[in-house]
Amino acid sequence: MRPNKVLWIYIIVLVAGGLVGFLKAKSRVSLIMSAAFAAALSLCAAGIVVQPVADILLAALLVVFAVRLGKTRKMMPAGLMLIITIVALALRHVRF
């Protein structure tokens, strides 16, 4: 799977998660942050910004989701997004 394809799939999941957070918990921060990170990752996937930036953004999201999981001790949503972020980051560097 190509790294950009993995990134586009991750962007869709990220935005969907932010939207669910907004609809269920009325969390504007969740919606805004997911949209902001998705926009930045979209620039990377489109080739406008150099590729290592995508890995840095994914690593930042990895830290954010790990901290949230540590605070809440709940698998949803932080734990799930942590796992998805780890998988996305790994798949970007695995060549099939």
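In case you missed it, the structure is sitting above this.
Residues numbered from 1 in each chain as written. Predicted model: local features only at pLDDT ≥ 70, side-chain atom pairs only at ≥ 80, totals over all residues. Heavy atoms only, no water.

Caption draft 1: Examining unusual backbone geometry more closely. Cis rather than trans, the peptide bond between Met 76 and Pro 77 has omega equal to -5°. The backbone of Lys 26 shows a phi angle near 55°, a positive value even though the residue is not glycine. Topologically, Lys 26 is positioned in the loop between α1 (3-25) and α2 (28-45). Assessed through its relative accessible area of 62%, Lys 26 is described here as exposed. For Arg 73, which is not glycine, the phi dihedral falls at a positive 60°. (Helix = DSSP H or I, 4+ residues; strand = E, 2+ residues; numbered from the N terminus. Buried < 20%, exposed > 50% of the residue type's maximum accessible area, 1.4 Å probe, protein only.)

Caption draft 2: Layout of a nonpolar patch on the surface. Residues Met 75, Met 76, Leu 80, Ile 83 and Val 87 make up a contiguous nonpolar surface patch of roughly 450 Å² in combined accessible area. Looking at the element boundaries, Val 87 is found in helix α4 (residues 75-91). Note on Val 87: relative accessible area 41%, which makes it partly exposed. (Patch = residues over 30% accessible without salt bridge, like charges linked within 9 Å, V, L, I, M, F, W, Y side chains within 5 Å. Areas by Shrake-Rupley, 256 points an atom, 1.4 Å probe, with all protein chains shown as cover. Salt bridge = Lys/Arg side-chain N within 4 Å of Asp/Glu carboxyl O.)

Caption draft 3: Spatial organisation of the side chain of Asp 55. Take Asp 55: it is sitting in helix α3 (residues 52-72). For Asp 55, the side chain forms a polar contact with the side chain of His 93, separated by 3.0 Å. Setting aside residues up to four positions removed in sequence, Asp 55 forms contacts with Leu 89, Arg 92 and His 93. (Polar contact = N/O pair within 3.5 Å; in protein donor to acceptor, adjacent residues only side chain to side chain. Contact = heavy atoms within 4.5 Å.)

Caption draft 4: Main features of the nonpolar core. In this structure, Leu 7, Tyr 10, Leu 14, Leu 41, Leu 61 and Phe 65 are the most contacted members of the largest nonpolar core, which totals 19 residues. Within the residue set of this core, elements represented by two or more residues are α1, α2, α3 and α4. Other than its neighbours up to four places away in sequence, Tyr 10 contacts Leu 41, Leu 58, Leu 61, Phe 65, Met 81, Ile 84, Thr 85 and Ala 88. (Core = buried A, V, L, I, M, F, W, Y, C linked by side-chain atoms within 4.5 Å.)

Caption draft 5: Spatial organisation of the pattern of salt bridges. For the structure on display, the rule yields 1 salt bridge. Of the charged contacts in the structure, one is a salt bridge between Asp 55 and Arg 92, with a shortest N-O distance of 3.0 Å. One end of the pair, Asp 55, is in helix α3; the other, Arg 92, is in the segment after α4, with 37 residues separating them in the sequence. In this pair, the class of Asp 55 matches that of Arg 92, namely buried.

The values reported here are purely geometric and, on their own, carry no functional implication.
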